Amino acid sequence: MQKLHEEALRLNLRENLRRYRDRAGLSQRQVAGELGLSRSAYTYYETGKTTPSAVDLFTLAQLYRVPVEELFRP
């Protein structure tokens, strides 16, 4: 059961990162720059290959002006 919950959170995060980036009118390269990452490293966040650090999640939430927990909501 825990594994399913974790997978759902990861899926929500992937989808929300792209959705909020699109709404903000930002490119992956621009968001990556805000995080101090390469575009390809940030792309891994949106594809679910890697999970953002707590600091990156906080920065993304600030960038998109949403609470951190909003990044995980369905």
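Bear in mind the structure is a predicted one, so any value in this text is a computation, not a measurement.

## Things to note about the environment of Thr43
Of note, Thr43 is situated in helix H3 (residues 39-47). Of the polar contacts made by the side chain of Thr43, one reaches the side chain of Gln28; its length is 2.9 Å.

## Let's talk about helix H4 (residues 54-64)
Buried within H4 we find Asp56, Leu57, Leu60, Ala61 and Tyr64. For H4, the angular spread of buried residues about the axis comes to 135°, placing them on one side. Seen from the buried face of H4, the exposed residues on the opposite side, beyond 90 degrees, are Ala54 and Val55. On its buried side, H4 packs onto helix H1 (2-24), helix H2 (28-35) and H3.

## Section: the pattern of salt bridges
Scanning all chains against the criterion turns up 6 salt bridges. Arg10 is the salt-bridge partner of Glu6, the closest N and O atoms lying 3.9 Å from each other. With Glu6 and Arg10 both in helix H1 and 4 residues apart, this pair spans about one turn of that helix. Between Arg10 and Glu7 there is a salt bridge; the shortest N-O distance is 3.9 Å. Taken together, the residues span about one helical turn, with Arg10 and Glu7 both in helix H1 at a distance of 3 residues. Residue Arg10 is classed as partly exposed on the basis of its relative accessible area, which comes to 36%.

## Here's the deal with the packing of H2 against H3
Two elements in contact, H2 and H3, have axes separated by 8 Å at closest approach and are oriented at 100°. Put simply, H2 runs roughly perpendicular to H3. Listed contacts from H3 to Gln28, Arg29, Val31, Ala32 and Leu35 of H2 are Arg39, Tyr42, Thr43, Tyr45 and Glu46.

Calculation notes
- Residues numbered from 1 in each chain as written.
- Predicted model: local features only at pLDDT ≥ 70, side-chain atom pairs only at ≥ 80, totals over all residues.
- Heavy atoms only, no water.
- Helix = DSSP H or I, 4+ residues; strand = E, 2+ residues; numbered from the N terminus.
- Polar contact = N/O pair within 3.5 Å; in protein donor to acceptor, adjacent residues only side chain to side chain.
- Buried < 20%, exposed > 50% of the residue type's maximum accessible area, 1.4 Å probe, protein only.
- Arc of directions from axis to C-beta.
- Contact = heavy atoms within 4.5 Å.
- Salt bridge = Lys/Arg side-chain N within 4 Å of Asp/Glu carboxyl O.
- Axes fitted to C-alpha atoms, helices over the stretch in contact; angles between N-to-C directions.
- Parallel < 35°, antiparallel > 145°, perpendicular 65-115°, else oblique.

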